Amino acid sequence: AHALGWPRRIESGVEELSLYNCPNLSFEKPDLDSFPCLRYAYDAMREGGALPVILNAANEIAVEAFLARKLSFLGIPDLVLAAMQELAGPFPSQNMITEDDIIEQDQKTRNWGLDRLLKM
């Protein structure tokens, strides 16, 4: 709600999170071999450019295909990695990325993913 309403506050209908009510939290270093999409997300954040948009759109297409039983669960990271490798590149202007740039890259990636799934 905070991100969607910025700079205004909107009511989400969810109680405020209190970590005091979650007494047994523990954290471990993530296993990036077991969770390759998390590794790809770290890579996308580090590299920047269009990669975060590509990763997000490819992941959404892959998960949708998995839920429709058109892609195996283990096929999700394969599709995401292929999209990142084949579509990676900078936005037209790294200094001023526009909403239109993001929407265009998102649509390009979704079209690529759907085309790739049809060929499988």
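## Quick notes on the overall build of the protein chain
Turning to step 1, where the next piece is worked out: Looking only at helices and strands, one finds five helices and zero strands in the protein chain.
Turning to step 2, where the next piece is worked out: Going from N to C terminus, the protein chain has its helices and strands arranged as α-α-α-α-α.
Turning to step 3, where the next piece is worked out: Computed over its C-alpha atoms, the radius of gyration of the protein chain comes to 18 Å, more than 25% above the 14 Å expected for a compact globule of 120 residues.
Turning to step 4, where the next piece is worked out: Along the first, second and third principal axes, the C-alpha atoms of the protein chain reach 50 × 35 × 30 Å.
Turning to step 5, where the next piece is worked out: Looking at the protein chain as a whole, 28% of its 120 residues qualify as buried.

## Thoughts on the packing of aromatic side chains
Turning to step 1, where the next piece is worked out: Here the structure, examined in full by the defined rule, presents one aromatic pair.
Turning to step 2, where the next piece is worked out: Ring geometry for Phe-66 and Phe-73: centres 5.5 Å apart, planes at 65°, overall edge-to-face.
Turning to step 3, where the next piece is worked out: We classify Phe-73 as exposed; its relative accessible area is 56%.

## Side note on the confidence of the model for the protein chain
For any part of a model where pLDDT is low, the fine detail of the predicted coordinates should not be relied upon.
Turning to step 1, where the next piece is worked out: Of all residues in the protein chain, 95% attain a pLDDT of 70 or more, and the chain-wide mean is 90.
Turning to step 2, where the next piece is worked out: In the model of the protein chain, helix H1 (residues 2-5) stands out as the element of lowest mean pLDDT, 80, in contrast to helix H3 (residues 51-67), which has the highest, 96.

## Thoughts on helix H4 (residues 75-87)
Turning to step 1, where the next piece is worked out: An ideal rise of 1.5 Å per residue puts 18 Å on 13 residues; H4 measures up with 18 Å between its terminal C-alpha atoms.
Turning to step 2, where the next piece is worked out: Looking only at H4, the buried set comprises Gly-75, Ile-76, Pro-77, Leu-79, Val-80, Ala-82, Ala-83, Met-84 and Leu-87.
Turning to step 3, where the next piece is worked out: Structurally, H4 contributes buried residues whose contacts are with helix H2 (36-47), H3 and helix H5 (99-118).

## A look at H5
Turning to step 1, where the next piece is worked out: Taking 1.5 Å per residue, 20 residues should reach 28 Å; H5 reaches 29 Å between its end C-alpha atoms and fits that length.
Turning to step 2, where the next piece is worked out: All of the buried residues along H5 are Asp-101, Gln-105, Asp-106, Thr-109, Arg-110, Trp-112, Gly-113 and Leu-117. Down the axis of H5, the sector holding all buried residues measures 160°, keeping them to one side. With respect to the buried face of H5, the exposed residues turned more than 90 degrees away are Asp-100, Glu-104 and Leu-118.

## Re the packing of H2 against H3
Turning to step 1, where the next piece is worked out: Contact geometry for H2 and H3: axes closest at 8 Å, N-to-C directions at 155°. One finds that H2 runs roughly antiparallel with respect to H3. Residues Cys-37, Tyr-40, Ala-41, Ala-44 and Glu-47 of H2 form the contact with H3, whose own contacting residues are Leu-51, Pro-52 and Leu-55.
Turning to step 2, where the next piece is worked out: Residue composition of the contact of H2 with H3, by class: seven nonpolar, no polar and one charged.

## Things to note about the environment of Gly-89
Turning to step 1, where the next piece is worked out: By the element assignment, Gly-89 lies in the loop between H4 and H5.
Turning to step 2, where the next piece is worked out: Residue classification places Gly-89 among the partly exposed positions, given a relative accessible area of 29%.
Turning to step 3, where the next piece is worked out: Separated by 41 residues in the primary sequence, Gly-89 and Gly-48 place their C-alpha atoms 9.4 Å from one another.

The rules we used
- Residues numbered from 1 in each chain as written.
- Predicted model: local features only at pLDDT ≥ 70, side-chain atom pairs only at ≥ 80, totals over all residues.
- Heavy atoms only, no water.
- Helix = DSSP H or I, 4+ residues; strand = E, 2+ residues; numbered from the N terminus.
- Rg over C-alpha atoms; globule rule 2.2 N^0.38 Å.
- Buried < 20%, exposed > 50% of the residue type's maximum accessible area, 1.4 Å probe, protein only.
- Phe/Tyr/Trp six-rings, centres within 6.5 Å; stacked < 30°, edge-to-face > 60°.
- pLDDT = per-residue confidence, 0-100.
- Expected span 1.5 Å × (residues − 1).
- Contact = heavy atoms within 4.5 Å.
- Arc of directions from axis to C-beta.
- Axes fitted to C-alpha atoms, helices over the stretch in contact; angles between N-to-C directions.
- Parallel < 35°, antiparallel > 145°, perpendicular 65-115°, else oblique.
- Nonpolar A, V, L, I, M, F, W, Y, C, P; charged D, E, K, R; others polar.

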